[in-house]
Amino acid sequence: MSQFVTLTIKKVIQETPSAVSLVFEVPAKIRSDFHFIPGQFITLKAKVNGQEVRRAYSLSSSPNDPDIKVSVKKIADGTFSIYANENLKAGDQLEVMVPEGKFKLQPQPNKNLNYMAFAAGSGITPIMSMIKTVLTEERNSKFVLIYGNKSSTETMFFKELLQLQSIYPNRLFLEFIYSRENTDGARFGRIDKSTVNFAVKNKFKDISFNDFYLCGPEAMITTVKEVLAENNVSNEAIHFELFTATETAKATNSGETIIHVVLDDEQAQIKADKSITLLDNVLKADMDAPYSCKGGVCCSCICRVVEGEANMPVNNLLTDAEVAEGLVLACQAYAISDSVKIDFDDA
Ligand SMILES: Cc1cc2nc3c(=O)[nH]c(=O)nc-3n(C[C@H](O)[C@H](O)[C@H](O)COP(=O)(O)OP(=O)(O)OC[C@H]3O[C@@H](n4cnc5c(N)ncnc54)[C@H](O)[C@@H]3O)c2cc1C
Ligand code: FES
């Protein structure tokens, strides 16, 4: 299930003073495994200071590009993001999991659709892949990007976006917003209620949008979702990706349990602890369960509760219908009953 392969970094591109892109060469014989839909992410695995770390990164390249690319913004005190920005170089190798993720824009070449995206900081990465793909594959569709950053120099893909806009002036519309730079051609501040209303009710009111894509800090996503709903945008038309969640699950149960695990066509029975997550119990038993963020935002660890009961005190990702059919995020779920059967293969 944790299908990692070793890929070589072909190039490291300094995108801004605090962000690099890592371009990976994918050998032809495994190229089809790395096919992805714009919006999806890969998980990178590396040893940093002697510790194994796994982190999710959205693909910022288009599926039509020859190589795959992720772009990593340095986080203060961040383990992998600092390592990637300061240490990684062309020729280095990393373990990379095949693309996955539910935040997707599947282009429909014969359709004439319109999209609006709200991105802040590194949240541009999946949106960048969507923009490049829509512009080349849906030849009549329009894309509006509302993009917040501290300043133009901290704006990832600034020049590339302007270049695309000059090629597609009637299909790509850019609104830059800077919180620390007051400059012509950009709004000052952050993406907030007034920004969303300005975009939907004023500047782009003549365009009828089919889908909205949001990626950035949780507070921005919450605000944009609320204001879009006030503007009668349906829930189904709003798609979002969180890179990190402020609230993650804490155990409400205690005591011992038995977890029956189905993973990679094999079954195992493990003695487990109700006060730690299903995922940590499975990893403690040395089973190679899939995971990436361990924070309830990426969906890598999804599994099905087939027998018994488990609960997810916090759920930022699964729909009510998915929960009703027994799906849980193993990194956020705890066993309740004295015996639980979970299946990673049927999720
Ligand atoms: C589906 C998905 C896609 C992602 N795509 C990208 C991407 O394209 N580019 C990118 O740069 N990052 C992306 N991320 C975030 C990335 O996985 C890491 O979380 C991030 O790089 C920080 O890792 P780290 O090891 O440096 O920090 P850690 O050592 O894990 O954390 C250090 C501190 O920073 C906080 N922190 C962690 N992540 C963030 C964050 N994103 N913003 C603010 N504070 C944070 C932690 O709570 C902690 O206090 C994505 C995450 C997910 C789940
Ligand atoms: S590992 Fe990301 S949601 Fe569980």
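What you see is a predicted model, and the numbers here were worked out from it, not measured in a lab.

Reading the values: the criteria
Residues numbered from 1 in each chain as written. Chains lettered and ligands numbered in written order. Predicted model: local features only at pLDDT ≥ 70, side-chain atom pairs only at ≥ 80, totals over all residues. Heavy atoms only, no water. Helix = DSSP H or I, 4+ residues; strand = E, 2+ residues; numbered from the N terminus. Rg over C-alpha atoms; globule rule 2.2 N^0.38 Å. Buried < 20%, exposed > 50% of the residue type's maximum accessible area, 1.4 Å probe, protein only. Contact = heavy atoms within 4.5 Å. Areas by Shrake-Rupley, 256 points an atom, 1.4 Å probe, with all protein chains shown as cover. Lys, Arg positive; Asp, Glu negative; His and termini not counted. Charge placed at Lys NZ, Arg CZ, Asp CG, Glu CD. Pairing = 2+ DSSP bridges. Phe/Tyr/Trp six-rings, centres within 6.5 Å; stacked < 30°, edge-to-face > 60°. Lys NZ or Arg CZ within 6 Å of the ring centre and 35° of its normal. Axes fitted to C-alpha atoms, helices over the stretch in contact; angles between N-to-C directions. Domains from an automatic or database assignment. Salt bridge = Lys/Arg side-chain N within 4 Å of Asp/Glu carboxyl O. Polar contact = N/O pair within 3.5 Å; in protein donor to acceptor, adjacent residues only side chain to side chain. Core = buried A, V, L, I, M, F, W, Y, C linked by side-chain atoms within 4.5 Å. Near = heavy atom within 4 Å.

### Overview of the overall build of the chain
Turning to step 1, where the next piece is worked out: Regarding its fold elements, the chain presents seven helices and 19 strands.
Turning to step 2, where the next piece is worked out: In terms of overall size, the chain behaves like a compact globule, its C-alpha atoms giving a radius of gyration of 21 Å where 347 residues would be expected to give roughly 20 Å.
Turning to step 3, where the next piece is worked out: Based on the C-alpha atoms only, the size of the chain along its principal axes is roughly 60 × 50 × 40 Å.
Turning to step 4, where the next piece is worked out: Across the 347 residues in the chain, those meeting the buried criterion constitute 54%.
Turning to step 5, where the next piece is worked out: Taking contacts inside the chain between residues at least 6 apart in sequence as the whole, the part at least 24 apart equals 70%.
Turning to step 6, where the next piece is worked out: Within the structure as shown, the chain displays about 16200 Å² of accessible surface, and the carbon and sulfur contribution to it stands at 45%.
Turning to step 7, where the next piece is worked out: One way to put it: in the chain the 36 positive side-chain charges average out to a point 7 Å from where the 44 negative ones average out.

### Focus on the pairing of strand 5 (residues 68–73)
Turning to step 1, where the next piece is worked out: The buried fraction of strand 5 amounts to five of the six residues, a majority that puts the element mostly inside the structure.
Turning to step 2, where the next piece is worked out: With six bridges connecting them, strand 2 (residues 19–25) and strand 5 associate as antiparallel partners. Looking across to strand 5, one finds that Val20 is bridged to Val72.

### Quick notes on the pairing of strand 1 (residues 4–16)
Turning to step 1, where the next piece is worked out: Pairing geometry for strand 1 and strand 6 (residues 93–97), over five bridges, is antiparallel. By the bridge assignment, Val5 is partnered in strand 6 with Val96.

### Section: the packing of aromatic side chains
Turning to step 1, where the next piece is worked out: Evaluated as defined, the whole model comprises 10 aromatic pairs.
Turning to step 2, where the next piece is worked out: Among the aromatic residues, those joined into a ring-pair cluster are Phe103, Tyr115, Phe143 and Tyr213.
Turning to step 3, where the next piece is worked out: The ring of Phe4 has Lys45 lying over it, and the distance from NZ or CZ to the ring centre is 4.4 Å.
Turning to step 4, where the next piece is worked out: For Lys294, the ring lying beneath its charged end belongs to Tyr291, and the centroid distance is 5.3 Å.

### Some remarks on the sheet that holds strand 14 (residues 266–273)
Turning to step 1, where the next piece is worked out: Taken together, the five strands give an open sheet; going across it, the order is 14-13-19-15-17, and neighbouring strands pair in mixed fashion. For this open sheet the edge positions go to strand 14 and strand 17 (327–329), each flanked by a neighbour on one side alone. When strand polarity is set aside, the average angle formed by the axes of neighbouring strands in this sheet is 35°.
Turning to step 2, where the next piece is worked out: Pairing of strand 13 (residues 256–263) with strand 14, which is carried by eight bridges, proceeds in the antiparallel orientation. Directly across from Ile259, in strand 14, lies its bridge partner Ile270.

### Considerations on the domain arrangement of the chain
Turning to step 1, where the next piece is worked out: One can read the domain layout of the chain as domain 1 (4–97), domain 2 (114–242) and domain 3 (256–343).
Turning to step 2, where the next piece is worked out: Here the C-alpha centroids of domain 1 and domain 3 sit 27 Å apart.
Turning to step 3, where the next piece is worked out: Taken together, the links from domain 1 to domain 3 amount to one salt bridge.
Turning to step 4, where the next piece is worked out: Across the pair Arg54 and Asp288 runs a salt bridge whose closest N-O atoms are separated by 3.8 Å.
Turning to step 5, where the next piece is worked out: Taken together, domain 1 and domain 3 are joined by three residue pairs in polar contact (both at pLDDT 80 or more).
Turning to step 6, where the next piece is worked out: Those elements that provide at least two residues to the side of domain 1 that touches domain 3 are strand 3 (41–48) and strand 4 (51–58).

### Concerning the sheet that holds strand 12 (residues 238–241)
Turning to step 1, where the next piece is worked out: Spatially, six strands are ordered 10-9-8-7-11-12 in an open sheet, and the strand pairing comes out parallel. In this open sheet, the two strands that pair with only one neighbour each are strand 10 (186–188) and strand 12. Going across the sheet, the axis of each strand differs from the next one's by a mean of 15°, ignoring polarity.
Turning to step 2, where the next piece is worked out: Both strand 8 (residues 142–149) and strand 9 (residues 172–178) contribute to a ladder of seven bridges, which runs parallel. For Phe143, the partnering residue across the bridge sits in strand 9 and is Leu172.

### Notes on the nonpolar core
Turning to step 1, where the next piece is worked out: Within the largest apolar cluster, 29 residues are counted, with the highest numbers of intra-cluster contacts made by Val261, Leu278, Val282, Ile342 and Phe344.
Turning to step 2, where the next piece is worked out: Looking at this core, the elements with two or more residues in it are strand 13, strand 14, helix 6 (278–284), strand 15 (302–307), strand 17 and strand 19 (339–343).
Turning to step 3, where the next piece is worked out: Setting aside its immediate chain neighbours within four residues, Val282 contacts Val261, Ile270, Met287, Ala289, Ile342 and Phe344.
Turning to step 4, where the next piece is worked out: By size, the runner-up hydrophobic cluster in this structure holds 28 residues, among which are Leu145, Leu161, Ala186 and Tyr213.

### Some words on the site of ligand 1
Turning to step 1, where the next piece is worked out: Inspection of the region around ligand 1 gives 22 residues, with Arg55, Ala56, Tyr57, Thr79 and Ser81 positioned closest.
Turning to step 2, where the next piece is worked out: Thr125 is positioned with one of its side-chain polar atoms (N or O) 2.7 Å from an oxygen atom of ligand 1.
Turning to step 3, where the next piece is worked out: Counting residues per element, the ones that place at least two in the shell around ligand 1 are strand 4, strand 5 and helix 1 (79–86).
Turning to step 4, where the next piece is worked out: No other element matches strand 4, which puts four residues into the shell around ligand 1.

### Considering the environment of Ile238
Turning to step 1, where the next piece is worked out: Tracing the chain through its elements places Ile238 in strand 12.
Turning to step 2, where the next piece is worked out: Considered as a pair, Ile238 and Val224 are 14 residues apart in the sequence and their alpha carbons are 9.6 Å apart.
Turning to step 3, where the next piece is worked out: In this structure, Ile238 is in contact with Phe212, Leu214, Lys225, Leu228 and Val233, ignoring residues within four places of it in sequence.

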